[in-house]
Each structure stands twice: as C-alpha cells, then as structure tokens.
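Listed below, chain by chain, are the residues.
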Amino acid sequence: STERTLVLVKPDGVARNLSGAILSRIEAKGYVLADLKLVQAGRDQLEAHYAEHLGKPFYEPLLEFMLSGPVVAAIFEGERVIEGFRSLAGATDPTVAAPGTIRGDFGRDWGQKVQQNLVHGSDSVESAEREIAIWF
Ligand code: CMP
C-alpha cells in the first residue's frame, strides 16, 4: 500500500552539494516528493529522532555530526517507499554499500567515529510516522 517515509540528507551530503543529486535519484525511481525543507537540527530534535541509539558508542559522535550543519528533510510517498528508499540508499557503512546505491556511489569512510553516510530513511511505517512528526 502507499506509504510515506522520512528522508534526511545529512550534513555531509548538504556540505558536499549532493542534496540535489540525492533527491533526483529518489524522484527518478518514481517516488513523489510530498514535503521538503532545509533545517538546522536542534539537540532535542536529534535526541528524539535517535532515541533508540541512546547509550551506543556512536551516539554522541552521531549527534555531533548531525549538529554540524543543516540537513535536508523530505517526505516521499509511494508504494513500498520505505523498503524502496532503503534499497536505494544502500548499506549503512558507505565503504561496502553496493555501487549503484546512494551511499555506495557517493560515500566512503572519512576516519570519524560515526558513519557519515549521506542519508537517513525510516525503517518502518511506525518509525516513519514518528519521525515525520519530529521533523515536520
Ligand atoms: P541512520 O540510518 O541515520 O541511523 C543511525 C546512524 O548512526 C546511522 O545512520 C549511521 O550514521 C550511524 N551508525 C550506525 N551504526 C554505526 C556504527 N556501528 N558506527 C558508527 N556509526 C554508526
């Protein structure tokens, strides 16, 4: 059935001028852009977004990274868009993400304590609705 997903172009993607290229790939696959904005995240917002990762070793570096510059927040719609975007994004670790994916084509390890992996996508219908409420 038709779903919505939250996509974030993370600060590395925005800083490297890849926002347009990334959004273009999602649109080219056929998903429909439903809302879009550039936003400097706040710490409270990120703590809510990443609540499930609290206590993990990469949690603080992740928040620092996500606070380091603006992100593009987007809502995309379509049949199975949650699964479809995650496939397009590729594996979490950009070093090994398959070529042809956003992370595989545009990302690599920059030697930081967190995966700077260009994009975030919701992982379930429940997460998508929760995350959309945080960012929009
Ligand atoms: P994201 O999909 O936004 O969800 C959590 C983020 O934490 C993830 O993308 C990566 O940026 C980062 N991350 C996940 N796992 C690790 C890890 N093992 N080491 C470093 N960073 C990670």
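Calculation rules
- Residues numbered from 1 in each chain as written.
- Predicted model: local features only at pLDDT ≥ 70, side-chain atom pairs only at ≥ 80, totals over all residues.
- Pairing = 2+ DSSP bridges.
- Helix = DSSP H or I, 4+ residues; strand = E, 2+ residues; numbered from the N terminus.
- Axes fitted to C-alpha atoms, helices over the stretch in contact; angles between N-to-C directions.
- Contact = placed C-beta atoms within 7 Å.
- Buried ≥ 20, exposed ≤ 12 C-beta atoms within 10 Å, placed from the backbone.
- UniProt positions renumbered as here; feature names shortened; annotations may be inferred.
- Near = placed C-beta within 6 Å.
- Nonpolar A, V, L, I, M, F, W, Y, C, P; charged D, E, K, R; others polar.
- Arc of directions from axis to C-beta.

**With respect to the sheet that holds strand E4 (residues 119-121)**
Taken together, four strands build an open sheet; the order of strands is E2-E3-E1-E4 and the sheet is antiparallel. One side of each edge strand has no neighbouring strand; the edge strands of this open sheet are strand E2 (32-39) and E4. If you compare each strand with its neighbour and ignore which way they point, the axes differ by 20 degrees on average. When strand E1 (residues 2-9) meets E4, the two strands line up antiparallel, connected through three bridges. Bridge pairing in E4 places Val-7 opposite Gly-121. Most of the contacts of helix H5 (residues 81-89) go to E1, to which it runs at about 35 degrees, and overall it touches E1, strand E3 (71-79) and E4.

**A closer look at the pairing of E1**
Summarising burial for E1: seven of the eight residues are buried, a large majority. With eight bridges connecting them, E1 and E3 associate as antiparallel partners. When the bridges of E3 are listed, Thr-2 appears paired with Glu-79.

**A short note on the UniProt feature "binding site: ATP" (unreviewed entry) in the protein chain**
Here the UniProt-annotated "binding site: ATP" (unreviewed entry) positions come out as Lys-10, Phe-58, Arg-86, Thr-92, Arg-103 and Asn-117. Position of Arg-86 among the secondary structure elements: in helix H5. Every residue in contact with Arg-86, bar those within four places of it in the chain, is listed here: Gly-121 and Asp-123. Position of Asn-117 among the secondary structure elements: in the loop between helix H6 (102-106) and E4. Since 23 C-beta atoms lie within 10 Å of it, Asn-117 is described here as buried. The residues touching Asn-117, leaving out its near neighbours within four places in the chain, are Thr-92, Pro-94, Arg-103 and Gly-107.

**A look at the environment of Leu-33**
If you trace the backbone, Leu-33 turns up in strand E2. For Leu-33, a count of 13 C-beta atoms within 10 Å puts it in the partly exposed group. Linking Leu-33 and Gly-78, residues 45 residues apart in sequence, is a C-alpha distance of 9.3 Å. Leaving out residues up to four positions away in the same chain, Leu-33 has contacts with Glu-27, Ala-74 and Phe-76.

**Overview of the site of the ligand**
All residues adjacent to the ligand are His-53, Phe-58, Leu-62, Thr-92, Val-114, Gln-115, Asn-117 and His-120. Each residue belonging to the shell around the ligand can be placed in one class, and the counts come to three nonpolar, five polar and no charged.

**With respect to H5**
Inspection of H5 places Val-81, Ile-82, Phe-85, Leu-88 and Ala-89 among the buried residues, and these make up the whole buried set. Seen end-on, H5 carries its buried residues on one side only, within an arc spanning 130 degrees. Its buried side turned inward, H5 meets E1, helix H2 (19-29), E3, H6, E4 and helix H7 (125-135). Among the residues trailing H5, Gly-90 stands out with phi positive, at a value near 90 degrees.

**Quick word on unusual backbone geometry**
Notably, Asn-17 is not glycine yet its phi reads approximately 60 degrees, a positive angle. With 8 C-beta atoms packed within 10 Å, Asn-17 lands in the exposed category. Phi at Leu-118 is positive, roughly 70 degrees, even though this residue is not glycine. Inspection of the secondary structure assignment puts Leu-118 in the loop between H6 and E4. A tally of 26 C-beta atoms within 10 Å means that Leu-118 is categorised as buried.

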